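Summary of structural features
What follows is the residue order along each chain.
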Amino acid sequence: MTTNDQEFARARAAMPGGVNSPVRAFGSVGATPRFFVSASGPRVTDVEGREYVDLVGSWGPAILGHAHPAVVKAVQDAAAHGLGFGASTPGETELAELIEARVSRDGVRPIERVRLVSTGTEATMTAIRLARGATGRDLIVKFAGHYHGHSDGLLAEAGSGVATLAMPGSAGVPAAIAAQTLVIPYNDVDAVREVFAARGSDIAAVIVEAAPANMGIVPPAHGFNAALADIAHAHGALLILDEVLTGFRVGTAGWYGIDPVPFAPDLITFGKVVGGGLPLAALGGSAALMELLAPLGPVYQAGTLSGNPLAVAAGRATLAHLDADAYARIDAAASRIADAAASALAAEGVTHVVQRSGNLFSIQFAGTAPHDYDTVKAQEAFRYPPFFRAMLEQGVSLPPSVFEAWFVSAAHDDAAVSQIIEALPAAARAAAGAEPV
C-alpha cells in the first residue's frame, strides 16, 4: 500500500507542482493532497483506503453521484463500439438536441444551434471569437473575480485558482492581448454603463458568469443580468452567459431558467454537468449567430476530440436522469448542509455568511455578504484552512480553497448528509481558533 504523502512526492517529481490543475495541490489549505482511486455515489476513496463524503464532485459533473450506473453503462456501451472516429456520430446530434430543448423559459429557447467542444476554456474562447467575428469589434468586458477558463485574454482578475494562488493574472500573457479585456467590478451597473459610454463602439461582448461560483458564491444582484443584456444590446454588443458551472446544475435550464428577472443572452457556454464527468463542453445561441462558425461561416473552430462518443454518451445519460426528483433531492441536501454549516459557525462565534445560488453554496468569512471580488478578498480567508483540515480528518472532502463552491449530488443521502453535519462543530471550532498568517 502507498500513502498520499508518497504519491504526492512521486507526482512532484513527474509533474509541475505534482498536479495537472493548480487547486489540486492543496497549497491554500496546508494539507497533503488526497490521491483518489475510486468513487461511488457521494463518496470517494484514497490510495490509503480511506473513504470520504465528497463535496467536490469532480467540480460539478458528478451531479448524480459518482459512478452512476446509467452513466457508467452508457460509457461502456459507447466504448464497446469505438473510442472515437474523428467523424460525426448520431450521439452528438442527440446531445445537441437535448441542450436546445432543456434551455427554455416562458416558451423562449435562446439556443437554436450547439457546437460541442472538449473544455469550458474552449467553449468561452470560441464564444469570444464568435462575438468578435459577429460584431467586427475587438474589446471584451469581463468582471473582476470571474473565471472563464485560462485563455490569454480572460485571466485578468480571474477568480478560483488564480485567487487561491494570489495571482493578479498570469505570466506569458502578452500585454497587447490583456489590453483587449476591460475588467470592471461585478454587480455594479453604473460601471457597466460607464465602460460602454467610453468604449461602446469597440466592445464586442460582455462575458459574465451567470451566477458567479469561482470567487465563492456571489449571486448577481436582482436584475443585474437583465441590465447587462439591455446595455450590451443598446450598443450593438453581445452578452455571453458563462454557465460552465451553473448550467444544468442549478436547474433544468441552468441559471438562465431561474434568474428572478428574465433576460436575453446571445451565447451560452456549458461544461461540467453537460459532459457527465468526461471532457466535454458546449456553446450555443441563435442559428444566425452560431452559423458564423466554420464550416458555414468565417469564424474558425475545430477539435479532434470535439463530440467524442464516450463523452456525449455520458452527457446524454446524465441529462436524461436529471429530472425534477433529482433536483429536489440535490436542493434539499444542499439546504440541510448549508444551514448546518451556518449554525455550527454561529455557535462558535465565527464571523461568516453562507451565500447561495440555487443548490450551489459557499462559506465566506465576512461580516456582510460579499458582492464583488474586492469584498470577497477582504474576508478572513485564514479561517478556511483549519476548517478544511478538520473536515478532512473526519472524512469529509471539501473544495481545497475558500474561493470555490460546494457541490452536492443527488446521491447525498441521509447517511452522507448526517456525516457532514456531525463533522461541522469541530471544524467550526478550528475556524474560531485560527489566527492570521
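Within the secondary structure, N225 is located in helix α8 (residues 224-234). The exposure class assigned to N225 is buried, which follows from its relative accessible area of 0%. Sequence-wise, N225 and D259 are 34 residues apart; in three dimensions their C-alpha atoms are separated by 8.3 Å. Discounting residues that sit within four places of it in the chain, N225 has contacts with V208, A210, P220, L239, W255, D259 and F263.

Below, the discussion takes up helix α3 (residues 90-102). With 13 residues, α3 ought to run about 18 Å at 1.5 Å a step, and its terminal C-alpha atoms sit 19 Å apart, in line with that. Within α3, the full set of buried residues consists of G91, E92, L95, A96, I99, E100 and R102.

That bond from A294 to P295 is cis: its omega, 15 degrees, falls within 30 degrees of zero. Locating P295 in the fold gives a position in the loop between α10 (287-290) and α11 (309-321). Although it is not a glycine, S58 adopts a positive phi angle of roughly 60 degrees. Position of S58 relative to the elements: it lies in the loop between β3 (51-54) and α2 (69-80). Classification of S58 by relative accessible area gives partly exposed; the value is 42%. Phi is positive for N187, which is not a glycine, with a value near 60 degrees.

With that settled, consider the pairing of β3. With three bridges connecting them, strand β2 (residues 43-46) and β3 associate as antiparallel partners. Looking at the pairing, R43 lines up with V53 of β3. Following β2, the chain reverses through four residues before pairing antiparallel with β3; G49 in that reversal takes a positive phi of roughly 85 degrees. Across two bridges, β3 lies against strand β13 (residues 396-397) in parallel orientation. Across the sheet, D54 pairs through a bridge with S397, a residue of β13.

Turning next to the confidence of the model for the protein. Across the protein, the average pLDDT comes to 95, with 97% of residues at or above 70. Of the regions scoring below 50 in pLDDT, residues 160-168 engages in 19 contacts with residues more than four places distant in sequence or in other chains.

Turning our eyes to something else, we now look at the pattern of salt bridges. Summed over all chains, the structure comprises 11 salt bridges. In this structure, the salt-bridge partner of R10 is E7, at a minimum N-O distance of 3.8 Å. Of the two residues, R10 and E7 are both situated in helix α1 (residues 4-12); the distance of three residues between them amounts to about one turn of the helix. Here R316 and E94 are joined by a salt bridge, their closest N and O atoms 3.2 Å apart. You can see R316 sitting in helix α11 and its partner E94 sitting in helix α3, a full 222 residues away along the chain.

What follows concerns helix α12 (residues 324-347). Along its 24 residues, α12 runs 34 Å from first to last C-alpha, staying within 8% of the 34 Å computed at 1.5 Å per residue. When α12 is considered as a whole, its buried residues turn out to be A326, Y327, I330, A333, A334, I337, A338, A340, A341, A344 and L345. A positive backbone phi angle near 70 degrees is found at G349, which sits one or two residues after α12.

Cut-offs used in this document
- Residues numbered from 1 in each chain as written.
- Predicted model: local features only at pLDDT ≥ 70, side-chain atom pairs only at ≥ 80, totals over all residues.
- Heavy atoms only, no water.
- Helix = DSSP H or I, 4+ residues; strand = E, 2+ residues; numbered from the N terminus.
- Buried < 20%, exposed > 50% of the residue type's maximum accessible area, 1.4 Å probe, protein only.
- Contact = heavy atoms within 4.5 Å.
- Expected span 1.5 Å × (residues − 1).
- Pairing = 2+ DSSP bridges.
- pLDDT = per-residue confidence, 0-100.
- Salt bridge = Lys/Arg side-chain N within 4 Å of Asp/Glu carboxyl O.

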